[in-house]
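# Residue-level structure breakdown
So you can see what is in the structure, the chains are spelled out below.
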Amino acid sequence: MNMIKEITTQETFLVRNLVLRSGKPVETCFFDGDNLEQTKHFGYFDNGNIIGVVSVYKNKNSIFKFPNQYQIRGMAILEEFQGSGCGKLLVKHCEGYLTSNYANLIWFNARETAVTFYEKLGYTKNGFPFPIADVGIHFLMFKNL
Ligand SMILES: CC(C)(COP(=O)(O)OP(=O)(O)OC[C@H]1O[C@@H](n2cnc3c(N)ncnc32)[C@H](O)[C@@H]1OP(=O)(O)O)[C@@H](O)C(=O)NCCC(=O)NCCS
């Protein structure tokens, strides 16, 4: 059976490590704010195994004027499950959770290779591409809720 449910910070590490920090120590999979009370982590379960993860943080980006902003980080689907709709369902799950928490805006730094995925979900690029050390070129993207 497949389902999305809330998971702990530790439960995100395996998928983050394999997909986003491949070959790097597991310590690199801990992100600032992971253990804050307002942070939520969600996992996509396939037959009891976590095959995709995403996290939302209450974090204001000064570029945007909206008061109740959230950042998405750590969006990752195991390679063998990519392209089967799990990522889309995880983003939509975050949007549902944030809408019920009166969020005004979702933003994140998207890898350039994932920009089209987010555009298909209604997100817009803001400004120019920029590098993030050891990861690559990113775009700031956002969506008003
Ligand atoms: C990017 C990622 C999260 C997308 O999740 P996914 O489960 O593979 O994507 P889905 O199957 O839900 O795809 C939804 C739609 O986006 C498209 N899409 C998915 N990944 C894409 C990509 N990298 N480039 C272009 N389009 C993409 C799909 O073709 C699909 O299109 P459709 O609705 O027209 O059929 C996932 O592939 C992944 O973990 N990639 C590696 C890590 C990464 O880049 N994370 C994002 C960091 S910002």
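The structure we're discussing is the one just above.
Note that the coordinates shown come from a computational prediction; the quantities given were computed from them, not determined experimentally. (Residues numbered from 1 in each chain as written. Predicted model: local features only at pLDDT ≥ 70, side-chain atom pairs only at ≥ 80, totals over all residues. Heavy atoms only, no water.)

Of note, asparagine 47 is a non-glycine position whose phi angle comes to about 50°, a positive value. Position of asparagine 47 among the secondary structure elements: in the loop between strand S2 (40-46) and strand S3 (49-58). Positioned with a positive phi, tyrosine 102 is a non-glycine residue whose angle comes to about 60°. Its location among the elements puts tyrosine 102 in the loop between helix H2 (86-99) and strand S5 (105-111). (Helix = DSSP H or I, 4+ residues; strand = E, 2+ residues; numbered from the N terminus.)

This brings us to the sheet that holds S5. Strands sit in the order S1-S2-S3-S4-S5-S7-S6 across an open sheet of seven strands; the sheet is mixed. Looking at the sheet topology across the chains shown, the edges are occupied by strand S1 (2-7) and strand S6 (124-132). Sheet twist, expressed as the average angle between the axes of neighbouring strands with direction ignored, equals 25°. Direction of pairing for S1 relative to S2: antiparallel, over a ladder of six bridges. Of the residues in S2, the one forming a bridge with methionine 3 is phenylalanine 45. Its contacts with the sheet put helix H1 (residues 9-20) on S1, S2, S3, strand S4 (69-77) and S5, and the angle it makes with S3 is roughly 105°. The strands touched by H2 are S1, S2, S3, S4, S5 and strand S7 (136-144); relative to S2, the strand with the most contacts, the crossing angle is about 145°. (Pairing = 2+ DSSP bridges. Axes fitted to C-alpha atoms, helices over the stretch in contact; angles between N-to-C directions. Contact = heavy atoms within 4.5 Å.)

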